[in-house]
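A closer look at the structure
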Amino acid sequence: MNQKTAIAIHGGAGTIAPHLLTPQLEIDYRSGLKAALEAGNKVLKSGGTATEAVLAAVVELENNPLFNAGKGGVFNHLGQHEMDAAIMDGQFLKAGAVCGVKNIKNPVLLAHAVMTKSPHVMMAGDGAEAFAKTVNIEFADNAYFHTEHRYQQWLDIKGTENYQLDHTAKSENKMGTVGAVALDKDGNIAAATSTGGMTNKKFGRVGDSPIIGAGTYANNETCAISCTGHGELFIRSVVACDISCLMAYKGLTLKQACEIVVMDKLVKIEGEGGLVAIDAHGNIEMPFNSEGMYRASLSVNGEEVVKIYE
Ligand code: ASP
């Protein structure tokens, strides 16, 4: 098969309040999204796989301090950066994930290494970091992950038992997770997600992003999905798997399945957030029930979308 390619990415659901978005900040967010879209698209256009494309797009977002993943990741209760990431290949149903890792420059690359260079699917904390050393994954010191706006966000609630999800109305600086889904020229799809989680989260807390079937999933037969939102609710709703199952068992379209899960099921349990999704025909959906979601897509027809709000 030699078909057209497509890609969709997100930089987190829940967005900065419209009145706080300065023209310059808007330019920066949009160019960050566009750069990630282009990084993924370049891979697809040069014949790369969907897995390679989502990897390239997510690495680009992890390296951008504006987004809550890699550099720019939030601080946990102890003032550390504990990160989660996952990747899944929809052709072979292969997956790799890491959770609670520290000092890993690009957690999605480590998740990819778990998928391709280990017999496991998910590795956590110290063990994942020890594995990283054996597969030449780049480490970065604490200073690399320190960004002033995230630090201030943490200082506001440090010492309390509260945590700050990027999506809650209180926050003035509401960027979440990053993620990507793609369709390659051979008709294969893939998904990847990476996050710093929630500001002031408990040491050891893991969200939905690295959990296959909750925050990340890919299956050529149905769809590839990367979520962003209130992780606990996304885990309990098994969001990505639920959408895939609605398509597989009920014969729903990607659009119908996304609508039911994001705009109805999640809303009923106050699960704020959204996702990007693609199917093997190149249909793209980017639903969210939050105020906004940093997102961008490039369809099979070359139509480009870069959006923050509705
Ligand atoms: N889903 C992420 C988590 O709960 C957070 C986010 O998307 O903003 O860790």
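What you are looking at is a predicted structure, and each value in this text was computed from that prediction instead of being measured.

The rules behind the values
- Residue indices follow the written sequence of each chain, beginning from 1 at its first position.
- Restriction of local features to residues with pLDDT of at least 70 applies here, the model being predicted, together with a cutoff of 80 or more for giving and counting side-chain atom pairs; totals for whole chains, interfaces and linings are based on all residues.
- The side-chain values count all of the structure's non-hydrogen atoms but skip hydrogen atoms and water molecules.
- By convention in these notes, a residue is near a molecule or strand provided one of its non-hydrogen atoms lies within 4 Å of it.
- Two N or O atoms count as a polar contact when they lie within 3.5 Å, although within protein this holds only if one can serve as hydrogen donor and the other as acceptor, and sequence-adjacent residues are included solely when both atoms are side-chain atoms.
- Accessibility throughout is a Shrake-Rupley quantity obtained with a 1.4 Å probe, and a residue counts as covered only by protein chains that appear here.
- Just so you know the grouping, Ala, Val, Leu, Ile, Met, Phe, Trp, Tyr, Cys and Pro go in nonpolar, Asp, Glu, Lys and Arg go in charged, and all remaining residues, Gly too, go in polar.
- DSSP bridges decide pairing: two strands pair if at least two such bridges lie between them.
- The numbering of helices and of strands both runs from the N terminus, where a helix is a DSSP run of H or I of at least 4 residues and a strand a run of E of at least 2.
- Only protein chains enter the accessibility calculation, which uses a 1.4 Å probe; a residue whose area is less than 20% of its type maximum is buried, one above 50% is exposed, and one in between is partly exposed.
- Each salt bridge in this description consists of a side-chain nitrogen of Lys or Arg and a carboxyl oxygen of Asp or Glu lying within 4 Å of one another.
- Residues belong to one nonpolar core when they are buried, are Ala, Val, Leu, Ile, Met, Phe, Trp, Tyr or Cys, and are joined through side-chain atoms within 4.5 Å.
- Contact criterion: two residues are considered in contact whenever any of their non-hydrogen atoms come within 4.5 Å of each other.

Let's shift gears to the site of the ligand. The immediate surroundings of the ligand are formed by eleven residues, with Thr177, Arg205, Asp208, Thr228 and Gly229 found nearest. Contact distances for the ligand include 2.6 Å between a nitrogen atom and a side-chain N or O atom of Asp208. Within the contact set of the ligand, an oxygen atom lies 2.8 Å away from a side-chain nitrogen or oxygen of Thr228. Protein contact buries 100% of the 270 Å² of open area that the ligand shows by itself. Tallied by class, residues from the shell around the ligand come to no nonpolar, nine polar and two charged.

Our next topic: the sheet that holds strand β9 (residues 273-278). What the four strands build is an open sheet, ordered β7-β8-β9-β10; its pairing is antiparallel. Every interior strand has two partners, whereas the edge strands, β7 (216-218) and β10 (284-285), have only one. For strand β8 (residues 224-229) and β9, the ladder comprises six bridges, and the chain directions are antiparallel. Counted as the bridge partner of Gly229 is Gly273 from β9.

To continue, consider unusual backbone geometry. Phi at Asn200 is positive, roughly 70°, even though this residue is not glycine. Structurally, Asn200 can be placed in the loop between β6 (189-195) and β7. Judged by its relative accessible area of 3%, Asn200 falls in the buried class. Phi is positive for Glu270, which is not a glycine, with a value near 60°.

What follows is about the pattern of salt bridges. Scanning all chains against the criterion turns up seven salt bridges. Taking the shortest distance from any N to any O, the salt bridge between Glu304 and Lys34 comes out at 2.7 Å. With Glu304 in strand β12 (residues 304-309) and Lys34 in helix α1 (residues 23-45), this pair connects stretches of sequence that are 270 residues apart. Here Glu304 falls in the partly exposed class, since its relative accessible area comes to 38%. Between Asp186 and Lys185 there is a salt bridge, and its shortest N-O distance comes to 3.2 Å. In this structure Asp186 comes out as partly exposed when scored by relative accessible area, which is 36%. Owing to a relative accessible area of 26%, Lys185 belongs among the partly exposed residues under this scheme.

Turning our eyes to something else, we now look at the nonpolar core. Nonpolar side chains tend toward joint burial in soluble globular proteins. Ile7, Ile9, Tyr29, Phe67, Val98 and Leu110 are the most contacted members of the largest nonpolar core, which totals 52 residues. If one sorts the elements of this core by residue count, helix α2 (residues 50-62) sits on top with eight residues. For Ile9, the contacting residues outside a window of four places in its chain are Leu33, Ala36, Leu37, Ala57, Leu61, Gly179, Ala180, Val276, Met286, Tyr294, Arg295 and Ala296. Core analysis: the second largest hydrophobic core is formed by 36 residues, Ala95, Ala191, Cys227 and Met293 among them.

Moving on, we get to the environment of Thr216. Examined against the element boundaries, Thr216 turns out to sit in strand β7. Of the residues examined, Thr216 reaches a relative accessible area of 0% and is grouped as buried. Measuring from C-alpha to C-alpha, the distance between Thr216 and Ala95 comes to 9.4 Å, with 121 residues separating the pair along the chain. Residue contacts for Thr216: discarding those within four places in its chain leaves Ala86, Ala191, Ala192, Thr193, Asp208, Ser209, Ile211, Ile225 and Ala240. Separated by 2.8 Å, the side chains of Thr216 and Thr193 make a polar contact.

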